[in-house]
Amino acid sequence: MLTFVMFTSWQYTSEGQASILGIVFLLVFAAYLTIQAFASKIYNDRLASDVTVALYATFTFCCFLSPTFTRYLGPIRALTLGICGYAILVIGSILFFIYPNSNFTKTILIATGAVNGVGASLLWNSQGLLILQYSERGVNGGKIFGIFWVFFSISAICGGLVSFLIFRRENQNGENNKNMYALFAIFLGFIILGALFTRALVPPSLLSRTNRDVTVNAIQDEGEDRSRIEEGGETFKETLRKDIKRTLSMFRSKRLLNLSLLFFYTGFKQPYQIVTFGDRFFDSSSLGLEVMIFYFFDMIGGIVTGALLDGKFLRSDGEKTKNYRKVSIQCILLFLTLTFVGNYFAWLREAPCESLRQDASNCLVEVRFLERGSILPTMSYALWGFTDSVVQTFCYWVMGLYYDSNSEQARAVGFYTFIQSIGWTLGFLIIPESR
């Protein structure tokens, strides 16, 4: 009984809800991030590229629509609906494994990727809105996002471990499709469990706040924005049209335009870092361990950056003080420095390939984890993982400072995911089919 009371009390705190939201993403993305990292090995280079482009094309388009749907349905319901898109992609993948040589199942798989993109737009807009609403403005935004990001990073570590074991067995026994059935059945179970776990989320207005003086325009209940639309006499189409215009107006916001290059980079870097680079230098089982390393340091970076942005490292006369400009500069410098070092290590590994343009096959060999040739790529993965959380945490922290109302926050997150998705899409479009 006491344990239940303690859990209930913890559940109604910002930290508790950030943790529960993180667990939901852990379950869903333990599956998806692994599929994304191993797409070319699970399907084939061309089909993996087609599925990914379809996913991010629909995701990019729906970023303008998702803020309205998120507020109309309520972020928790929209989150649950968005998770269903990820389940559909896994089901489409299972059909592909049953009929791998059928053009029809390949088309179905690409279509499920597009449906996944629609669901992803709802999921990420809901996540962004909830995180910003769970945070107390200017107080603990970095900490709350950092808690969520720890669980999100653990999802990839779990997925990498499962894939390492599956692909290691495949390499030993020569089994392929049977292992894929087992792997994707596990993935589907994770995603369904994640959807069910959203029932533990509560509206931000019900949370126990540590600082009652902080102005938080929280969502009152699941149907607040829907009630406003109905009471105001507006049709959903009219509201949707207005919200799209307001989201487009974000392109005239100097605040967000100044951040747009960072938003774009968070998406553009991933195809090379997670997909291309690993495919070039690691076999399947070793790549699973490298993905674990990337997201382990991603997790550490989220904790460190959250503490930095919330002023945990700034003290004057024994009292915590904040200088937003100072911590912003520190965060950007940390990001730029570590990204440069990570890219330099990657260049040292890639450079010999550039000198063998006529016979690059002599260079593009797969190396195994802990072999001498994997040291520099592993260091690149670690640094890229750390800087990924630095820039992601910083972006959400800044949006939390700039915007207070849930409508503005939903549109800001929509703008962020739109620019980020453009980066993803362009990154995947320029990935060579043969790597």
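Each chain has its residues counted from 1, running along the sequence as written. Local features in this predicted model are restricted to residues whose pLDDT is 70 or higher, and side-chain atom pairs enter the listing and the counts only when it is 80 or higher, whereas totals over whole chains, interfaces and linings include all residues. No hydrogens and no water enter the side-chain calculation; it runs on all heavy atoms of the structure.

K.L.:
Can you walk me through the packing of aromatic side chains in this structure?
P.N.:
Centre-to-centre distance and the angle between the planes together describe a pair of aromatic rings. Here the aromatic set is Phe, Tyr and Trp, taking the six-membered ring for Trp, and pairing holds for ring centres within 6.5 Å; pairs whose planes are under 30 degrees apart are stacked, those over 60 apart are edge-to-face, and all others are tilted. Counting across every chain of the model gives 36 aromatic pairs. For the pair Y344 and F345, a centre-to-centre distance of 6.3 Å together with 45 degrees between the ring planes defines the contact as tilted. Any residue under 20% of the maximum accessible area for its type is buried, any over 50% is exposed, and the rest in between are partly exposed; the area is computed with a 1.4 Å probe on protein chains only. Overall, the relative accessible area of 39% leaves Y344 in the partly exposed class. For the ring pair Y402 and Y403, a centre distance of 6.3 Å and an interplane angle of 90 degrees mean the geometry is edge-to-face. In this structure Y403 comes out as buried when scored by relative accessible area, which is 8%.

K.L.:
When you look at a nonpolar patch on the surface in this model, what are you seeing that I'm missing?
P.N.:
Residues enter patches when their relative accessible area tops 30% and they take part in no salt bridge; the joining distance is 9 Å for like charges and 5 Å for the nonpolar side chains Val, Leu, Ile, Met, Phe, Trp and Tyr. All accessible areas in this document rest on Shrake-Rupley with a 1.4 Å probe, and a residue is counted as covered only by the protein chains that are shown. Put simply, a salt bridge is a Lys or Arg side-chain nitrogen that is within 4 Å of an Asp or Glu carboxyl oxygen. Together, I91, L95, I98, Y99 and Y181 line one region of the surface with nonpolar side chains, adding up to about 460 Å² of accessible area. The leading source of residues in the nonpolar patch is helix α6 (residues 75–98), at three residues. Put simply, DSSP H or I for four residues or longer makes a helix, DSSP E for two residues or longer makes a strand, and each gets a number counted from the N terminus. Relative to the elements of secondary structure, Y181 occurs in helix α9 (residues 177–197). The exposure class of Y181 is partly exposed, given its relative accessible area of 33%.

K.L.:
Please clarify how the packing of helix α15 (residues 375–402) against helix α16 (residues 406–429) should be interpreted in this entry.
P.N.:
Two measures define how a pair of helices packs: the angle their axes make with one another and the distance between the axes. All axes are obtained by fitting lines to C-alpha atoms, using only the stretch in contact for helices, and the reported angles, taken between N-to-C directions, cover 0 to 180 degrees. Close contact between α15 and α16 brings their axes to 11 Å; oriented N to C, the two are set at 150 degrees. Put simply, α15 runs roughly antiparallel to α16. Taken as a pair, α15 and α16 cross one another with a handedness that is right-handed. Note on element contacts: α16 touches α15 through A412, V413, Y416 and Q420, opposite Q392, C395, Y396 and M399. The scheme is simple: roughly parallel for angles under 35 degrees, roughly antiparallel for over 145, roughly perpendicular for 65 to 115, oblique for anything else. Left-handed describes a crossing whose near helix is turned anticlockwise from the far helix through less than a right angle; right-handed describes the clockwise counterpart. The contact definition used throughout considers only heavy atoms, calling two residues in contact when any of these lie within 4.5 Å.

K.L.:
What should I look at first to understand the environment of S66 in this one?
P.N.:
Within the secondary structure layout, S66 lies in helix α5 (residues 66–73). For S66, a relative accessible area of 2% gives the class buried. Placed 52 residues apart in sequence, S66 and V118 show a C-alpha to C-alpha distance of 8.6 Å. Excluding residues that lie within four positions of it along the chain, S66 makes contacts with S121, L122 and N125.

K.L.:
I keep staring at the pattern of salt bridges and nothing clicks. Help me out?
P.N.:
Once the charged atoms of two side chains with opposite charge are near each other, the side chains can pair. Tallying each qualifying case throughout the model produces two salt bridges. A salt bridge links E15 to K143, with the nearest nitrogen and oxygen atoms 3.3 Å apart. Taken together, the positions of E15 in helix α2 (residues 14–37) and K143 in helix α8 (residues 141–173) put the pair 128 residues apart, joining distant regions of the chain. Its relative accessible area of 38% is what places K143 among the partly exposed residues.

K.L.:
Mind showing me how you'd approach the environment of V90 here?
P.N.:
In this fold, V90 is placed in helix α6. Judged by its relative accessible area of 1%, V90 is buried. For V90 and G113, which are 23 residues apart along the polypeptide, the C-alpha to C-alpha distance reads 9.3 Å. What V90 contacts, discounting residues up to four positions off in sequence, is I35, F184, F187, L188 and I191.

K.L.:
Help me out: how do you make sense of helix α7 (residues 103–134) in this one?
P.N.:
Since the α-helix advances by 3.6 residues per turn, residues separated by three or four positions end up pointing in the same direction. What a helix should span is 1.5 Å times the count of its residues minus one. Taking 1.5 Å as the rise per residue, α7 with 32 residues should run 46 Å; its terminal C-alpha atoms sit 46 Å apart, in good agreement. One side-chain oxygen at the N-terminal end of α7 lies 3.2 Å from the backbone nitrogen of F104; it belongs to S102. Here a polar contact is taken to be a pair of N or O atoms separated by no more than 3.5 Å, where protein atoms must pair a possible hydrogen donor with a possible acceptor and residues adjacent in sequence count only if both atoms sit in side chains.

In short, the description is geometric, and any link to function would need to be established separately.
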